[in-house]
Amino acid sequence: MSHSTPRIAIVGAGPGGLLCATVLRQAGIHATVLERDPSAHHRTQGGSLDLHEHTGQAALRTAGLHDAFLKLSRPEGQEMREYAHTGRLVAHEEDPEGPARPEIDRTDLRTMLLEDFGTENVRFDTAVLEVRRTPHGRTRLTLGEGTTEEFDLVIGADGAWSKVRPALSDAVPLYTGNTLVETWFTDVDDQHPALARLVGHGMMLATDAGDPTHLLIGQRNGDGSIRVYIGLKCALDWAAQAGVDLADTEAVRAHFLTVFAGWHEDLRRVLRENEGPFVNRPVHRLPYPHTWQHTPGITLLGDAAHLMPPAGQGANLALIDGADLALAIGDAVRHGSGLDAAVASYERTMHPRGAAAAEESALALEQ
Ligand SMILES: Cc1cc2nc3c(=O)[nH]c(=O)nc-3n(C[C@H](O)[C@H](O)[C@H](O)COP(=O)(O)OP(=O)(O)OC[C@H]3O[C@@H](n4cnc5c(N)ncnc54)[C@H](O)[C@@H]3O)c2cc1C
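Residues numbered from 1 in each chain as written. Predicted model: local features only at pLDDT ≥ 70, side-chain atom pairs only at ≥ 80, totals over all residues. Heavy atoms only, no water.

Caption draft 1: Layout of the sheet that holds strand E8 (residues 128-133). With antiparallel pairing, the three strands of this open sheet are ordered in space as E8-E9-E10. Each of the sheet's edge strands pairs with one partner strand only, and the pair in question is E8 and strand E10 (148-151). Along the sheet, successive strands turn relative to each other by an average axial angle of 25 degrees, direction set aside. Pairing geometry for E8 and strand E9 (residues 139-143), over five bridges, is antiparallel. Bridging from a neighbouring strand, Glu130 pairs with Thr142 of E9. (Pairing = 2+ DSSP bridges. Helix = DSSP H or I, 4+ residues; strand = E, 2+ residues; numbered from the N terminus. Axes fitted to C-alpha atoms, helices over the stretch in contact; angles between N-to-C directions.)

Caption draft 2: Expanded view of the pairing of strand E4 (residues 80-84). Across the five residues of E4, four count as buried, placing the element largely inside the fold. Bridging between E4 and strand E5 (residues 89-93) involves four bridges; their strand directions are antiparallel. Among the inter-strand pairings, Glu82 is bridged to a residue of E5, identified as Ala91. Looking at chain direction, E4 and strand E13 (residues 203-207) are connected through five bridges and run parallel. The residue bridging Arg81 from the neighbouring strand is Met204, located in E13. (Buried < 20%, exposed > 50% of the residue type's maximum accessible area, 1.4 Å probe, protein only.)

Caption draft 3: Quick look at the pairing of strand E14 (residues 214-220). Burial within E14 is extensive, with six of its seven residues counted as buried. In the sheet, E13 pairs with E14 via five bridges, with the strands oriented antiparallel. Looking across to E14, one finds that Ala206 is bridged to Leu216. In textbook terms, the turn of a hairpin is the stretch between consecutive antiparallel strands, and for E13 and E14 this stretch comprises six residues. What sits between the antiparallel neighbours E14 and strand E15 (residues 226-233) is a turn of five residues, in which Gly224 has the positive phi angle 90 degrees.

Caption draft 4: Here's a closer look at the domain arrangement of the chain. Assigned domains of the chain: these are domain 1 (8-77 + 100-173 + 286-366) and domain 2 (176-284). Centre-to-centre separation of domain 1 and domain 2, based on C-alpha positions: 30 Å. On the side of domain 2, 16 residues touch domain 1, which itself brings 16 residues to the contact. Three residues stand out in domain 1 for area buried against domain 2, namely Gly47, Arg74 and Leu365, and they jointly supply 30% of the buried area on that side. Our count for the contact surface shared by domain 1 and domain 2 stands at zero salt bridges. Where domain 1 packs against domain 2, one counts three residue pairs in polar contact (both at pLDDT 80 or more). Taken together, the residues that form the side of domain 1 that touches domain 2 break down as seven nonpolar, five polar and four charged. (Domains from an automatic or database assignment. Contact = heavy atoms within 4.5 Å. Buried area = accessible area lost by both parts, 1.4 Å probe. Salt bridge = Lys/Arg side-chain N within 4 Å of Asp/Glu carboxyl O. Polar contact = N/O pair within 3.5 Å; in protein donor to acceptor, adjacent residues only side chain to side chain. Nonpolar A, V, L, I, M, F, W, Y, C, P; charged D, E, K, R; others polar.)

Caption draft 5: Summary view of the packing of aromatic side chains. Per the counting criterion, the structure on display carries three aromatic pairs. Relative to Phe278, the ring of Phe256 has its centre 5.6 Å away and its plane inclined at 75 degrees; by these criteria the two rings are edge-to-face. In this pair, Phe256 is assigned in helix H8 (residues 249-259) and Phe278 in the loop between helix H9 (265-272) and strand E16 (279-285), connecting sequence segments 22 residues apart. Per residue, the accessibility class of Phe256 equals that of Phe278, and both read buried. Taken together, the ring pairs connect Trp238, Phe256 and Phe278 into an aromatic cluster. (Phe/Tyr/Trp six-rings, centres within 6.5 Å; stacked < 30°, edge-to-face > 60°.)

Caption draft 6: A look at the site of the ligand. Close to the ligand lie 32 residues; Glu35, Arg106, Val128, Asp303 and Ala315 are nearest. Interatomic distance of 3.4 Å between a backbone N/O atom of Gly312 and an oxygen atom of the ligand. Gly314 places a main-chain nitrogen or oxygen 3.3 Å from an oxygen atom of the ligand. Protein chains shield 83% of the accessible area of the ligand, which is 1,000 Å² for the free molecule. Every element with two or more residues in the shell around the ligand is listed here: helix H1 (15-26), strand E3 (48-50) and helix H11 (314-335). (Near = heavy atom within 4 Å. Areas by Shrake-Rupley, 256 points an atom, 1.4 Å probe, with all protein chains shown as cover.)

Caption draft 7: Seen up close, H11. Here H11 is 22 residues long and its end C-alpha atoms lie 32 Å apart, about the 32 Å a rise of 1.5 Å per residue gives. Along H11, 16 of the 22 residues are buried, which leaves the element largely enclosed by surrounding structure. With its phi angle positive at about 70 degrees, Gly336 sits one or two positions after the end of H11. (Expected span 1.5 Å × (residues − 1).)

Caption draft 8: A look at H9. What H9 keeps buried is the set Leu267, Arg268, Val270 and Leu271. Down the axis of H9, the buried side of the element spans an arc of 135 degrees, and every buried residue falls inside it. (Arc of directions from axis to C-beta.)

Caption draft 9: Molecular detail of the packing of H11 against helix H12 (residues 339-366). Contact geometry for H11 and H12: axes closest at 8 Å, N-to-C directions at 160 degrees. On the basis of their axis angle, the class for H11 and H12 is roughly antiparallel. Crossing of H11 over H12 shows right-handed handedness. Each of Leu317, Ile320, Asp321, Asp324, Leu325, Ala328, Ile329 and Ala332 in H11 lies in contact with H12, whose residues at this interface are Leu339, Ala342, Val343, Tyr346, Thr349, Met350, Arg353, Gly354 and Ala357. Taken together, the residues of the contact of H11 with H12 break down into twelve nonpolar, two polar and three charged. (Parallel < 35°, antiparallel > 145°, perpendicular 65-115°, else oblique. Left-handed = near helix turned anticlockwise from the far one by under 90°.)

Next comes the structure, spelled out in structure tokens:
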């Protein structure tokens, strides 16, 4: 590549950042990927995702990873069962979204992207603390170790609580009034056959039509384990208000058994027999549309740009953002046209796409 190759940093090795780095590399452009986590497998990556044909899967095609994705994906993971709180099955679909949206475990997706890009090419244990434009037209990162580094372009792919975003916008994530409390079951078919039947190969949703303030979601993962999300409409400090210490699994369990009193015993077992702790995940979103005035040398992708409630779109958008941005930069470098114009063109595509999905996701959450 010529001496005019821009110096690019990608902050965050999530799905969006890694996909972007991979497609840039295909264009012969090396990006420095900085990741706060100490190592690749420092934390579990959560449940499974369905990747959509025109966003997540299209991005994987661009990266040359679609065949690898198909090998890891699980079309049967689409199965959906809906229950009333009485335990009555009210709906059951084997393939509600059609074959175009197979599921993949989040860990498998991350591992696939990391291995393809090269785990050794990610600078782990490197948190970005601050991002500033310099008077010389570059972008300076302040890193956790107190050092600084300068780049021609910094891409904020650092998720919900992005440290890059404040350089572009004053927007901060808002609590949606909904919290998911996550827990899990590993040896499901032997130890928890009732739960295995409830969830099947895909997902189950259980609700009480008379009381929409709480629900249960169960999701099968590729290794057979089941991840459960207890959905609550509640204050951000619901646990403190209820006098429950979130670190005390038995206290949280006792609280939930009261909240879900009157539910069928098979559903209440989910609260009684979980193996994992209860992990509190308040649902936040950015105001939408979230846009900013184009600023040379800095941009955002994925959750950093358009954090939305989990309604099946966030990872898909992070992937397609990463692909679009990398393709635009690759074109600019190949044709010797401006890097800045390429980033602005990506933002013109990404902003309305992110805003539309954010609105849909907010509506889905309400419903
Ligand atoms: C419960 C739940 C279920 C979901 N289900 C779905 C689904 O079914 N389908 C779907 O499409 N989406 C789903 N989502 C949304 C999806 O997980 C996100 O939209 C997606 O992970 C965003 O990808 P990203 O690359 O933008 O950011 P992230 O995945 O958040 O990655 C950001 C990375 O940046 C790193 N980082 C953060 N700060 C710094 C820093 N200061 N310095 C360096 N590194 C940093 C983080 O450690 C992380 O590795 C769900 C989300 C939740 C919470």
